[in-house]
Amino acid sequence: VSFGILNNAGSATFHNKTIFWGLEVDKLSFEASWIDEEYGYDYCGDWEDYGCDVSKNVSISAWLLSPRIGRRVDLKSSNKLSSYVDIEGYMSFPIVDIKIDTKNDDVSASDINTAENIIDDLLDFMGFKVSYGVTYEINEQISLSTSVGYNHIVADFARDGVELESTMGSTFTKFEINYSF
């Protein structure tokens, strides 16, 4: 079992001899505030020919749940050191929430729902990772691992005649503290 926590992200991974599975959870958020000059009774309290300042806020947050499954191939092993290759696949399932605070009804609930669906579609992706790692076994329960690898993401988006396809790749390094029971 290994757990990781970093700012707005976390993961849990469970291993048996050759197969591992887990869940990565990431939170993305965006907040904005602005002031508009508005005219009329609804905004200022009294009808005025001059405007008054009205504060407006928007908050967009998304949780990305990425279940994954993979296979570990053990390579060389000597005393407390062992090396391995990991191959894993994953999919992302976003949960999107938009909150808008304005004094008027500029944005309807259906507009917010449409925006949430578009963001949900944009954050829906799948990918795979391949990595080479080394583990140092401190004792029977605790070990340290480090790895270097390649992450490849595939995503597509299609809505109202707009079609986007994306493939992205990146390298990564990872350090883990593992607990076995």
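The structure displayed is predicted, hence computed values, not measured ones.

*Asks:* Even after reading the chapter, I still don't get the overall build of the protein chain, so can you show me in this structure?
*Replies:* Helix and strand content of the protein chain: two helices and nine strands. When each of the 181 residues of the protein chain is scored for burial, the buried share is 28%. Long-range pairs, those at least 24 residues apart, make up 58% of the contacts in the protein chain between residues at least 6 apart in sequence. As displayed, the protein chain has an accessible area near 12,300 Å², and 56% of this comes from carbon and sulfur atoms.

*Asks:* Would you mind showing me how to read unusual backbone geometry here?
*Replies:* One can expect most non-glycine residues to show negative phi and most peptide bonds to be in trans. Even without being glycine, N79 reaches a positive phi, approximately 50°. The backbone of D160 sits at a positive phi, close to 50°, despite the residue not being glycine. Here D160 lies in the loop between β8 (142-159) and β9 (162-179).

*Asks:* What is the right way to look at empty space enclosed by the protein in this model?
*Replies:* A probe as big as a water molecule, rolled over the atoms, marks out the empty space that is left. As enumerated under the stated definition, the model contains two cavities of 30 Å³ or more in all. Here the largest cavity defines a volume of roughly 80 Å³. Every residue lining the largest cavity is listed: T13, H15, F20, R68, R72, Y84, D86, E88, S131, S147, K174 and E176. No other element matches strand β5 (residues 81-91), which puts three residues into the lining of the largest cavity. Among the residues forming the lining of the largest cavity, the class breakdown is two nonpolar, four polar and six charged. Roughly 40 Å³ of volume is contained in the second largest cavity. What lines the second largest cavity is D86, I87, E88, K129, V130, S131, F172 and K174. The set of elements that each furnish at least two residues to the lining of the second largest cavity consists of β5, β7 (125-137) and β9. Residue composition of the lining of the second largest cavity, by class: three nonpolar, one polar and four charged.

*Asks:* Just checking my understanding: could you explain a nonpolar patch on the surface for this structure?
*Replies:* On the surface, L81, Y136, I138, I142, F175, I177, Y179 and F181 cluster together into a nonpolar patch covering about 870 Å² of accessible area. Ranked by residue count, the leading element in the nonpolar patch is β9, at three residues. Along the chain, the position of I177 falls in strand β9.

Rules used in this analysis
- Residues numbered from 1 in each chain as written.
- Predicted model: local features only at pLDDT ≥ 70, side-chain atom pairs only at ≥ 80, totals over all residues.
- Heavy atoms only, no water.
- Helix = DSSP H or I, 4+ residues; strand = E, 2+ residues; numbered from the N terminus.
- Buried < 20%, exposed > 50% of the residue type's maximum accessible area, 1.4 Å probe, protein only.
- Contact = heavy atoms within 4.5 Å.
- Areas by Shrake-Rupley, 256 points an atom, 1.4 Å probe, with all protein chains shown as cover.
- 1 Å grid on protein atoms, 1.4 Å probe; cavity = no way out; pocket = protein on both sides within 12 Å on 5 of 7 lines; lining within 4 Å.
- Points joined across faces, edges and corners; volume = space filled by probe spheres on them.
- Nonpolar A, V, L, I, M, F, W, Y, C, P; charged D, E, K, R; others polar.
- Patch = residues over 30% accessible without salt bridge, like charges linked within 9 Å, V, L, I, M, F, W, Y side chains within 5 Å.
- Salt bridge = Lys/Arg side-chain N within 4 Å of Asp/Glu carboxyl O.

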